[in-house]
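A closer look at the structure
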Amino acid sequence: MPKRILTILNYYHPHLSGLSEHARRIAEGLVRGGRQVTVLTGRHDPGLPKEELLHGVRVVRADPWFFLHKGYVSGELFSLFQELSPAADLLHLRLPMLEGGPLAMAASSQMPVVASYHCDVTAQHSGNAVDLAAVAAVRFSARLCLRRADRITVTSVDYAASSPVLGGFESKWTVIHPPDDAPAFRPRVAAPAGAPRVGFLGRFAAEKGLDILLDAIPQVLRQVPGAHFVLAGNHTSVAGGSEYRRLKTRIDAAGAALEIPGVIPAAALSDFYRSLDVFVLPSVDSYEAFGIVQVEAMKAGVPVVATNRPGVRVPLTLTGNGILVPPGDAAALAGAIAQILSAGERFTPERVAATAWRVFPAGQPVEQTLACYASAMREKAGRR
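First things first, this report covers the structure right here in the doc. (Residues numbered from 1 in each chain as written. Predicted model: local features only at pLDDT ≥ 70, side-chain atom pairs only at ≥ 80, totals over all residues. Heavy atoms only, no water.)

Observations concerning the overall build of the chain
Looking only at helices and strands, the chain features 13 helices and 16 strands. Taken over the C-alpha trace, the chain has a radius of gyration of 21 Å; the compact-globule value for 384 residues is 21 Å, and the two agree within 12%. A principal-axis box enclosing the C-alpha atoms of the chain has dimensions of 65 × 45 × 40 Å. Put simply, the chain has 384 residues, and 57% of those count as buried. Intrachain contacts of the chain at a sequence separation of at least 6 include 70% that bridge at least 24 residues. Summed over its atoms, the accessible surface of the chain is roughly 15100 Å², and 56% of this surface lies on carbon and sulfur atoms. A gap of 4 Å separates the mean positions of the 39 positive and 33 negative side-chain charges of the chain. (Helix = DSSP H or I, 4+ residues; strand = E, 2+ residues; numbered from the N terminus. Rg over C-alpha atoms; globule rule 2.2 N^0.38 Å. Buried < 20%, exposed > 50% of the residue type's maximum accessible area, 1.4 Å probe, protein only. Contact = heavy atoms within 4.5 Å. Areas by Shrake-Rupley, 256 points an atom, 1.4 Å probe, with all protein chains shown as cover. Lys, Arg positive; Asp, Glu negative; His and termini not counted. Charge placed at Lys NZ, Arg CZ, Asp CG, Glu CD.)

What about empty space enclosed by the protein?
The final tally for this structure, using the stated rule, is four cavities of 30 Å³ or more. As for the largest cavity, its lining consists of H177, P178, P179, D180, K299, F360, P361, Q364 and P365. Classifying every residue of the lining of the largest cavity by side-chain character gives five nonpolar, two polar and two charged. Taken as a whole, the second largest cavity encloses approximately 40 Å³ of empty space. Lining the second largest cavity, in full, are H22, I26, H92, R94, S116, T153, I176 and T369. (1 Å grid on protein atoms, 1.4 Å probe; cavity = no way out; pocket = protein on both sides within 12 Å on 5 of 7 lines; lining within 4 Å. Points joined across faces, edges and corners; volume = space filled by probe spheres on them. Nonpolar A, V, L, I, M, F, W, Y, C, P; charged D, E, K, R; others polar.)

Observations regarding the sheet that holds strand 15 (residues 304–307)
In a beta sheet, neighbouring strands are held together by backbone hydrogen bonds and run either parallel or antiparallel to one another. The strand order across the open sheet formed by six strands is 13-12-11-14-15-16, and the pairing between neighbours is parallel. Each edge of the sheet is formed by a strand with only one pairing partner; in this case those strands are strand 13 (258–262) and strand 16 (322–325). Direction aside, the axes of adjacent strands within the sheet are offset by 20 degrees on average. Two strands pair when backbone bridges link them, and strand 14 (residues 278–281) and strand 15 are joined in this way by three bridges, in the parallel orientation. Bridge assignment links F279 to a residue of strand 15, and that residue is V304. (Pairing = 2+ DSSP bridges. Axes fitted to C-alpha atoms, helices over the stretch in contact; angles between N-to-C directions.)

Focus: unusual backbone geometry
Along the chain, H13 connects to P14 via a cis peptide bond; the corresponding omega equals 20 degrees. With an omega of 15 degrees, the peptide bond running from L95 to P96 counts as cis. Along the chain, P96 turns up in the loop between strand 7 (90–95) and helix 3 (100–106). A positive phi is found at H55, a non-glycine position, where the angle reads about 50 degrees. Among the residues examined, H55 registers a relative accessible area of 64% and is labelled exposed.

Re the packing of aromatic side chains
According to the stated counting rule, one finds five aromatic pairs in the structure shown. Note on Y11 and Y72: the rings are 5.7 Å apart at their centroids and 85 degrees apart in plane angle, and the pair reads as edge-to-face. Taken together, the residues Y11 in the loop between strand 1 (4–8) and helix 1 (18–32) and Y72 in strand 6 (residues 71–73) connect sequence positions 61 residues apart. The two residues Y11 and Y72 agree in class, both being buried. Taken together, the ring pairs connect F272, Y273 and F279 into an aromatic cluster. Between the NZ or CZ atom of K299 and the centre of the ring of W357, over which it lies, the distance is 4.3 Å. (Phe/Tyr/Trp six-rings, centres within 6.5 Å; stacked < 30°, edge-to-face > 60°. Lys NZ or Arg CZ within 6 Å of the ring centre and 35° of its normal.)

With respect to helix 9 (residues 292–299)
Within helix 9, eight of the eight residues are buried, which leaves it mostly tucked inside the rest of the structure. Along helix 9, the residues classified as buried are I292, V293, Q294, V295, E296, A297, M298 and K299. Downstream of helix 9 by one or two residues, G301 has phi in the positive range, about 90 degrees.

A word on the pairing of strand 2 (residues 36–42)
The element strand 2 is extensively covered by neighbouring structure, given that six of its seven residues are classed as buried. Pairing between strand 1 and strand 2: five bridges, direction parallel. Across the sheet, I8 pairs through a bridge with L40, a residue of strand 2. As a crossover connection, the stretch from strand 1 through helix 1 into strand 2 is right-handed. Two strands pair when backbone bridges link them, and strand 2 and strand 4 (residues 57–62) are joined in this way by five bridges, in the parallel orientation. When the bridges of strand 4 are listed, V39 appears paired with V59. (Right-handed = clockwise from strand over helix to strand, strands pointing away.)

Quick look at the structure:
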C-alpha cells in the first residue's frame, strides 16, 4: 500500500467544482488514514500561495502560461513534477488535463500510475477552431495517459461506456462514486414550512442547463403558485466563463420567485439542502458525469429531478429518489418539479435519506481508492 501519493489536477481548493471537490475529499480522507498526500495543481488565482498545507494535504501550485478552454498551459507544472515525483510511491492523475498524457509518460517506469477519468471534454463554441483543437488535444492526451495507467477510476460504468475516450480500457476500470460532504448532514424529519422551495447548487456553467431551469420557472409557477427557486453556487469566477451575464434577462424576469445567494459555505450546506422541497440538476452535456450534489440533497431527505443523461441518471436509478427528465426539455422539467411538489407521501424525507445513505455509504470512496492503489501497485509489481 502506498504511503506517499502525488496527485495532479488542473484545479484544487479553493476552486470549487465537482472534480476539485472530489480530489479534495479523497486527499483529506487519505491524510486522515495516515497517508502523505501532495497535490500538484495550477495557481489559477495569482493571490494564492505557491505552496501551503490545507487540512494536512501539501498543495503545490504551478503558474499558468495562459488559460485555454476550461484549462491552462503551464511549463512549471512539468518542472515541479520532476521535483516532486521521485519522493512519491504512486502517481494519481485526474483527467481531463492537457498535460495528463505527457506527465504520465514522464513518470518513472517503476512508478504505479492511477488515472481518474472525471468527464469528457466537449467544444463549448461550435465551429471555433481553437476550441475544437483544444478538445482534440485534451482527448488525445487523456488516451495517452490511460494507456500508461495501471488502473483507471470512473464514476460509473454508465458514464464510462458512453465516453469516446475510455473505450478500449475496460479491463482497467474501477468504479468509485464521487465522495460527498454529507457525513455531518442532519436528514430533515419533515418538509420545510412555508412556500415550496426548489433548489440548485453548482457553478453557473454552460453544462448545468440553467437556461432550461429558468425557462421552466414560469411553467412551474402556473402549476404551483408561490413556489420559490434558489439557484446557489459560484456565478462570478467560473472556469471557461460564467453563464450569469448571458442569463441575466431571464433571471430578472423571474422576479421575487428566484433567489441567487452565491456560494454556500460548507458549514451551511446541510441547512441549505434541508430548506428545500426538491433539488434540481438540469445538466445538458458530458461535462456533467455524475452530480454528487444530488446525493448530498438525498442524504438530507430531499427528492431530486435530474436529466436522463449517462452518469447523471445513476444516483436516481440506484435510489429511486426522484424523477428523470429528457435533457433540454423545460416543459418536462417543470412537470417533474410540480409532480414531486404534489407527491405527498411518495418521497418522505425519512425514506429518501435512508435509501441514499444505504446506497452511498460514508467513507466508501476513500476505502475504494486505497483498494485501487493497492491493485495498481500489484499490477506494476507483476510486470517487473
